[in-house]
Amino acid sequence: MRIKSLKINVHNEWDPLEEIIVGIAHNAQFPPYDRSFHATFYGECAVDEVPTGKFADWIVEEAEEDLALLADTFQKLGISVRRPQVTDHSLPVVTPLWKTEGLFNYCPRDILLAIGDTIIESPSPMRARLLEAQAYHHLMPKVMENGCRWIAAPRPVLADELFDLDNPDHECLKNTEVVFDAANVLRLGRDILFLISNTGNDAGLSWLQNTLGETYRVHSCRHIYKHTHIDTTLIPLRPGLIMVNGARVNSDNLPPILKSWDTIYFSDVVDIGFSGGGHRGCASEWIGLNLLMINPTLAVVDKNQMALIRLLEKYGIDCIPLAMRHARTLGGGFHCVTLDTRRKGTLESYF
């Protein structure tokens, strides 16, 4: 397929959306047991409780249906849609220190970070995701042709010593190397929020700040959510307004930079549950908060979250209610399974 355009221009989470990547569920699986997957996703579980193996065909098929409807919804709104290449995740991923298999290409938000005119391959702490960004490499020549930048963080070693499984009440990552998932990051113009958690460490924050330079200010978010990503905990809606997960965030641990904004504390989510019998899922019930802003007055929201939809409407935000039936099982809502690469707007300071 010839890629007509892929220009990176995105400065925040709400400017009018023009181009987006939507993930795929083909061949999704849990990798064989390894310390990195245990520590980052299932640190509170015993070894024999960490899931492995392929997802059921019907789960993948239904996830593909939901992703196709999402992509079609974007296209009907005039938004360009790109997709990753299909990957065989059962093939081995091997380094001198370890061997595993892949995970999926369901969540481009986890592995790619678009900021300004740059797309960054993040150094995930999960071994199964070491080569995941390759599914998007067919898009990158056009990125450069359009004058944008494509860079990758240092490829991590992911030795056993990086992961602390002895203290499940604390973040598992040590600072022996740079690791973070792109979904640990939120873009608020010149200010960037970076969650310190099981999927992002201080070394990763420092690398990102050094790479972005003085144009941006990267702020550490601590002691609000230790497990994985930021986008079920802090949800920017427009300049000056943010929704937060009321079960995790309060006035004491709200990041200081956000205290000048109006804050909506919300925790009335509907738990859509797991699918697939014995398989343990990848996300909590709070995936119901994982919405995507199309513009400051329009959002894609899980159709089960009626209380959330009514609340957003009170703030002048219309909602497109769609299904992501296996969001908990596969670990991705509407923000997770997409990567906005172009929004109509310019770099501004909102603080």
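Let me sum up the structure you'll find in this document.

With that settled, consider the overall build of the protein chain. Helices and strands together make up the secondary structure of the protein chain, namely seven helices and 19 strands. Taken over C-alpha atoms, the radius of gyration comes to 19 Å for the protein chain, in line with the 20 Å a tight globule of 351 residues would show. For the protein chain, the spread of C-alpha atoms along the three principal axes comes to 50 × 50 × 45 Å. When burial is assessed residue by residue, the protein chain has 60% of its 351 residues classed as buried. Taking all contacts inside the protein chain whose residues are at least 6 apart in sequence as the whole, residues at least 24 apart take part in 72%. Summing over all exposed atoms, the protein chain offers an accessible surface of approximately 13800 Å²; the carbon and sulfur share of this is 49%. Taking the average location of the 33 positive side-chain charges in the protein chain and that of its 44 negative ones, the two points are 6 Å from each other.

Under the definition given, this model contains eleven aromatic pairs. Relative to F55, the ring of F30 lies with its centre 4.6 Å away and its plane at 40°, an arrangement referred to as tilted. Placement of the pair is F30 in strand β2 (residues 29–30) and F55 in the loop between β3 (53–54) and α2 (57–76), with a sequence separation of 25 residues. It is R248 that lies over the ring of Y225; its NZ or CZ is 3.6 Å from the centre. Looking at R328, its charged tip hangs above the ring of F274, at a distance of 4.1 Å from the centre.

On to empty space enclosed by the protein, then. For the structure shown, the criterion picks out four cavities of 30 Å³ or more. Of the voids in this model, the largest cavity is the one considered here, and its volume is about 90 Å³. In terms of lining residues, the largest cavity is bounded by E13, L186, D231, L234, I235, P236, L291, L292, M293, H335 and R343. When residues of the lining of the largest cavity are traced back to their parent elements, those giving at least two are β13 (234–238) and β16 (292–295). Ranked by residues supplied to the lining of the largest cavity, first place goes to β13 with three residues. Broken down by class, the residue content of the lining of the largest cavity amounts to seven nonpolar, one polar and three charged. Empty space within the second largest cavity amounts to approximately 60 Å³. Lining the second largest cavity, in full, are A39, G43, E44, D164, L165, N167, P168, H170, C172, N198, K226 and H227. Here the lining of the second largest cavity is built from residues that sort into four nonpolar, five polar and three charged.

Below, the discussion takes up the sheet that holds strand β10 (residues 185–188). Strand order in this open sheet of three strands is β10-β11-β12, and the pairing throughout is mixed. The open sheet is flanked by β10 and β12 (217–221), the only strands paired with a single partner. With direction set aside, neighbouring strand axes in the sheet form an average angle of 25°. Where helix α5 (residues 202–212) meets the sheet, it contacts β10, β11 (191–195) and β12, and its direction lies at approximately 165° from that of β12.

For the rest of this paragraph, the subject is the environment of A25. Tracing the chain through its elements places A25 in the loop between β1 (17–22) and β2. A25 sits in the buried class, given a relative accessible area of 0%. Taking the C-alpha atoms as reference points, A25 and R328, 303 residues apart in sequence, are found 14 Å from one another. Other than its neighbours up to four places away in sequence, A25 contacts V60, A63, E64, L67 and Y106.

Attention now moves to the environment of D268. Assignment of secondary structure puts D268 in the loop between β15 (262–266) and β16. A C-alpha to C-alpha distance of 6.8 Å links D268 and A307, two positions 39 residues apart in sequence. In this structure D268 touches Q305 and A307, once residues within four positions along its chain are discounted.

For the structure on display, the rule yields zero disulfides. We note that C221 lacks a disulfide partner, and the nearest cysteine sulfur, in C336, lies 16 Å from it. A relative accessible area of 2% places C221 in the buried class. A disulfide-free cysteine, C319 has its sulfur positioned 17 Å from the sulfur of C336, the nearest such atom.

Moving on, we come to the side chain of Q29. Structurally, the position occupied by Q29 is in strand β2. The exposure class assigned to Q29 is buried, which follows from its relative accessible area of 3%. Among the polar contacts made by the side chain of Q29, one reaches the main-chain carbonyl oxygen of G102 at a distance of 3.0 Å. Excluding anything up to four places from it in sequence, Q29 contacts G53, K54, F55, H89, S90, E101, G102 and L103.

Attention shifts here to the pairing of β16. Looking at chain direction, β16 and strand β17 (residues 298–302) are connected through three bridges and run antiparallel. Paired with L292 across the bridge in β17 is V300. Taken together, β16 and the strand that follows it, β17, pair antiparallel across an intervening segment of two residues.

What counts and what doesn't
Residues numbered from 1 in each chain as written. Predicted model: local features only at pLDDT ≥ 70, side-chain atom pairs only at ≥ 80, totals over all residues. Heavy atoms only, no water. Helix = DSSP H or I, 4+ residues; strand = E, 2+ residues; numbered from the N terminus. Rg over C-alpha atoms; globule rule 2.2 N^0.38 Å. Buried < 20%, exposed > 50% of the residue type's maximum accessible area, 1.4 Å probe, protein only. Contact = heavy atoms within 4.5 Å. Areas by Shrake-Rupley, 256 points an atom, 1.4 Å probe, with all protein chains shown as cover. Lys, Arg positive; Asp, Glu negative; His and termini not counted. Charge placed at Lys NZ, Arg CZ, Asp CG, Glu CD. Phe/Tyr/Trp six-rings, centres within 6.5 Å; stacked < 30°, edge-to-face > 60°. Lys NZ or Arg CZ within 6 Å of the ring centre and 35° of its normal. 1 Å grid on protein atoms, 1.4 Å probe; cavity = no way out; pocket = protein on both sides within 12 Å on 5 of 7 lines; lining within 4 Å. Points joined across faces, edges and corners; volume = space filled by probe spheres on them. Nonpolar A, V, L, I, M, F, W, Y, C, P; charged D, E, K, R; others polar. Pairing = 2+ DSSP bridges. Axes fitted to C-alpha atoms, helices over the stretch in contact; angles between N-to-C directions. Disulfide = S-S within 2.5 Å. Polar contact = N/O pair within 3.5 Å; in protein donor to acceptor, adjacent residues only side chain to side chain.

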